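In case you want the letters, here they are:
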Amino acid sequence: MESTVAQKLEALLNLQKIDSRLDAIFKVRGALPEEVQDLEDEIAGYETRLEKFNTDLQSLEDDIKTYKENIKESEKLIKKYQEQQMNVRNNREYDAITKELELQDLEIQVAKKKIGEAQARIESKNSDVEALKETLNERQKDLDTKKGELETIISESENEESKLKADRDKATKKIEERLLKSYSKIRDNAKNGLAVVMVKRGACGGCFNIVPPQRQADIREKKKLIVCEHCGRVFAGVEDEIEEEPVKKKRSSRS
Ligand SMILES: [Zn+2]
């Protein structure tokens, strides 16, 4: 069913009220949701790095184990060659075994050097791990604090938020898609999130530029959708100025 311009404007204004209230709720939360997300990402990054460090450490330990086994193997061979050397039949055999002994001795020296290098790397990695864990702890504390703050703020407004979101679903169903798209577009471009405004005191309620009387009359008629020629916001109507009695100030009683 086709709705009249007046109905469309009413639906738009209703949606605007809901969205403005939601904006206010999110404004109270401020940058906290983003800060919590950033910290969570940062912590996840540190945890990945920590895992990598631990894998590296494990592989260095494995290397050391292998080098130590190699040394034992060489020592066994040396013992065997030394026994053989006792029973050589000629100089040629003796020299050959001496060469083997020298070779194994060299193997042991190389392995010991590599063990030393691996241990130095383990030491430096361990201090990296310690520093990383410290950073991780600090960030975790920051995250816990911020999460706590955010949860408190959210708990104060979550009931209202879910009610408003349900209201919003209902409200958007009453507005045709094309109009809803324009509404979203205007809202995205508006700093104060206002896409639908009233004329207040002869001026646009969004950008505060003067709306000429004839245009105000057209807006009052609600025969067609009229937008502000300065900011493009939709005019939902003209707010009647209510003559208010100036509130009398309480005379401060002298003591
Ligand atoms: Zn305007």
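Residues numbered from 1 in each chain as written. Predicted model: local features only at pLDDT ≥ 70, side-chain atom pairs only at ≥ 80, totals over all residues. Heavy atoms only, no water.

Here's the deal with the overall build of the protein chain
Put simply, the rule reads: A helix here means a DSSP run of H or I that spans at least four residues, while a strand means a run of E at least two residues long, and both kinds are numbered starting from the N terminus. In this setup the radius of gyration rests on C-alpha atoms only. A globule is expected at 2.2 Å times the number of residues raised to 0.38. Each residue gets one of three labels from its accessible area relative to the maximum for its type: buried under 20%, exposed over 50%, partly exposed in between, using a 1.4 Å probe on protein chains only. Contacts: residue pairs with any heavy atoms within 4.5 Å of one another.
Counting its regular elements, the protein chain contains 5 helices and 3 strands. Seen in sequence order, the protein chain has helices and strands lined up from the N terminus as α-α-α-α-β-β-α-β. Over its C-alpha trace the protein chain gives a radius of gyration of 40 Å, far above what one expects of a compact globule, namely 18 Å for 255 residues. Summarising its shape, the C-alpha atoms of the protein chain cover approximately 125 × 65 × 30 Å along the three principal directions. The buried share of the protein chain, taken over its 255 residues, is 30%. Sequence-distant contacts in the protein chain: of pairs separated by 6 or more residues, those separated by 24 or more amount to 70%.

Quick word on the sheet that holds strand β2 (residues 203–204)
Keep this limit in mind: Note: two strands are recorded as paired if DSSP finds a minimum of 2 bridges between them. Axes, fitted as lines to C-alpha atoms, cover a helix only where it is in contact. Angles between the N-to-C directions of the axes lie from 0 to 180 degrees.
Taken together, 3 strands build an open sheet; the order of strands is β2-β1-β3 and the sheet is mixed. Only two strands of the sheet have a single neighbouring strand rather than two, namely β2 and β3 (234–238). Bridge count between strand β1 (residues 196–200) and β2: 2 bridges; the pairing is antiparallel. Paired with Val199 across the two strands is Cys204, which belongs to β2. Lying on the sheet, helix α5 (residues 213–221) is in contact with β1 and β3; it crosses β3 at an angle near 90°.

Here we look at the UniProt feature "domain: CT398-like coiled coil hairpin" (unreviewed entry) in the protein chain
Under the convention used in this document: UniProt positions are given in the numbering used here, feature names are shortened, and annotations may be inferred rather than shown by experiment.
In this structure's numbering, the residues bearing the UniProt feature "domain: CT398-like coiled coil hairpin" (unreviewed entry) are residues 15–189. Helix makes up 95% of residues 15–189 and strand 0%. Its end C-alpha atoms lie 17 Å apart.

Quick word on the coordination of the zinc ion
When four donors bind a metal tetrahedrally, each ideal donor-metal-donor angle is 109.5 degrees, and when six bind octahedrally, the ideal angles are 90 or 180 degrees. As a reminder of what qualifies: A donor here means any N, O or S atom no more than 2.8 Å from the metal (3.2 Å for Na, K and Ca); water is not included, so a site may seem to lack partners. Think of it this way: with four donors and all angles in the 85 to 135 degree range, the site is tetrahedral; with four or six donors, opposite ones beyond 155 degrees and the rest between 65 and 115, it is square planar or octahedral; otherwise it is irregular.
At 2.2 to 2.3 Å from the zinc ion lie its protein donor atoms, namely Cys204 (SG), Cys207 (SG), Cys228 (SG) and Cys231 (SG). Considering all 4 donor atoms around the zinc ion, the spread of angles at the metal, 105 to 116°, places the coordination shape in the tetrahedral class. Read N to C, the donor residues that coordinate the zinc ion are spaced as C-x2-C-x20-C-x2-C. With relative accessibility at 4%, the residue Cys228 sits in the buried group. The partly exposed category is assigned to Cys231, whose relative accessible area is 28%.

With respect to the domain arrangement of the protein chain
To keep it simple, the criterion reads: Per the annotation, domain bounds derive from an automatic or database assignment of domains.
Annotation of the protein chain at the domain level lists domain 1 (25–173) and domain 2 (177–239). Between the C-alpha centres of domain 1 and domain 2 the distance comes to 60 Å.

Considering the UniProt feature "coiled-coil region" (unreviewed entry) in the protein chain
As recorded in UniProt, the feature "coiled-coil region" (unreviewed entry) lies at residues 36–174. For residues 36–174, the helix share is 96%, the strand share is 0%, and the end-to-end C-alpha distance is 36 Å.

Topic: the pairing of β1
Two elements, β1 and β3, share 4 bridges in a ladder whose sense is parallel. Opposite Val196, over in β3, you have Val234 as the bridge partner.

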